[in-house]
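# Breakdown of the fold
Here is what each chain is made of, one letter per residue.
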Amino acid sequence: MLLEIPAVLSPAQVSDVRARLAAAEWIDGRATAGPQSARVKDNQQLPEDHPLARDLGRLIVDALQQQPLFVAAALPLKIFPPLFNRYAEGHAFGNHVDNAIRYASGGALRTDLSLTLFISEPADYNGGELMVEDTYGVHAVKLPAGHAILYPSTSLHHVRPVTRGCRVASFSWIQSMVRSDADRALIFDLDTAIQRLAGEAPHHPAVVSLTGVYHNLLRRWAEM
Ligand code: NI
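Criteria and cut-off values
Residues numbered from 1 in each chain as written. Predicted model: local features only at pLDDT ≥ 70, side-chain atom pairs only at ≥ 80, totals over all residues. Heavy atoms only, no water. Pairing = 2+ DSSP bridges. Helix = DSSP H or I, 4+ residues; strand = E, 2+ residues; numbered from the N terminus. Donors = N, O, S within 2.8 Å, 3.2 Å for Na, K, Ca; no water. Buried < 20%, exposed > 50% of the residue type's maximum accessible area, 1.4 Å probe, protein only. Expected span 1.5 Å × (residues − 1). Contact = heavy atoms within 4.5 Å. Salt bridge = Lys/Arg side-chain N within 4 Å of Asp/Glu carboxyl O. Arc of directions from axis to C-beta.

### So, the sheet that holds strand β13 (residues 137-141)
Spatially, β3-β7-β15-β12-β13 is the arrangement adopted by the 5 strands of the open sheet, whose pairing is antiparallel. One side of each edge strand has no neighbouring strand; the edge strands of this open sheet are β3 (41-42) and β13.

### Section: the coordination of the nickel ion
Tetrahedral coordination by four donors puts the ideal angle at the metal at 109.5 degrees, and octahedral coordination by six puts it at 90 or 180 degrees. Distances from the nickel ion to its protein donors, His96 (NE2), Asp98 (OD) and His157 (NE2), fall within 2.1 Å. In terms of primary sequence, the donors binding the nickel ion are separated according to H-x1-D-x58-H. Of the two residues, Asp98 sits in the loop between β7 (92-96) and β8 (101-104) while His157 sits in strand β15 (residues 157-159), which places them 59 residues apart along the sequence. The same class applies to Asp98 as to His157, namely buried.

### Here's the deal with helix α1 (residues 11-22)
With 12 residues, α1 ought to run about 16 Å at 1.5 Å a step, and its terminal C-alpha atoms sit 16 Å apart, in line with that. In the core, the buried residues of α1 are packed alongside α3 (51-65), β6 (83-87) and β17 (167-176).

### Here we look at the pairing of β13
Where strand β12 (residues 130-134) lies against β13, 5 bridges are found, and the strand directions are antiparallel. Across the sheet, the residue bridging to Met131 is Ala140, located in β13. Between the end of β12 and the start of β13, which pair antiparallel, lie 2 residues.

### Here's the deal with the pattern of salt bridges
Enumeration according to the criterion identifies 9 salt bridges in this entry. Residue Arg20 pairs with Asp16 through a salt bridge whose shortest N-O separation is 3.8 Å. Of this pair, Arg20 and Asp16 both sit in helix α1, 4 residues apart, which is roughly one turn of that helix. Taking the relative accessible area as the measure of exposure, Arg20 reaches 32% and is therefore partly exposed. Since its relative accessible area comes to 39%, Asp16 is described here as partly exposed. Via salt bridges that share partners, Asp16, Arg20, Asp55 and Arg58 belong to a single interconnected network.

### As for α3
Look at α3: 21 Å from first C-alpha to last across 15 residues, which is about the 21 Å you get at 1.5 Å a residue. If you check which residues of α3 are buried, you get Leu52, Ala53, Leu56, Gly57, Ile60, Val61, Ala63 and Leu64. What you see down the axis of α3 is that its buried residues fit within an arc of 160°, all on one side. Along its buried surface, α3 packs onto α1, α4 (68-74), β5 (76-79), β6, β10 (113-118) and β17.

Have a look at this one:
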């Protein structure tokens with residue numbers, strides 16, 4: 001499932017993040033790539049242990065955890081401390097699948113979901129679309145600043161070359177309580193339908209039964 005999470009950061013937060021990142025020293029993005037992706041990766045990153053990356057990363061994790069859409073769709077167990085990348089003119093990232101396991105100070109994390117949060121406005125650069133392949137084809141993603149895209153980490157994806165300006169984004173991975181993308185999508189669809197029914201017919205007894213089904217499915221599938 002490819003899902004847009006709108007307005008993770010407010011416009012004021014985005015301008016603040018952008019201003020703080022503008023003053024940062026960036027390093028070669030190959031520092032965090034595996035051997036296959038290092039061959040196709042050409043961008044810049046903030047070092048993982050950079051105090052600014054940690055600070056801004058915490059802001060983003062807090063914002064994500066307050067987003068009901070993100071929580072319902074990702075069912076997050078662990079969120080990798082967000083990292084930051086920068087694609088200047090000519091930079092790109094060729095086709096790859098993200099590493100299955102990531103290590104942070106909190107221990108290992110299985111990457112079930114990948115997340116990109118756009119920090120530059122689309123008008124600030126040409127190209128730079130995130131291209132994600134799924135069973136329905138290849139999707140081009142370029143979102144307003146502050147919006148994020150969530151997609152299965154099993155997907156092949158690449159970032160098209162930036163041909164003008166500069167594309168700054170944050171990215172992270174999520175280990176979900178529900179490992180299977182298909183099972184998680186089913187739970188999310190059920191949740192969405194229950195929310196809708198509860199809005200239109202809050203006293204209908206089916207709301208209680210379906211909410212019970214939701215929790216009992218989650219109980220069956222959740223791993224901690
Ligand atoms: Ni990737």
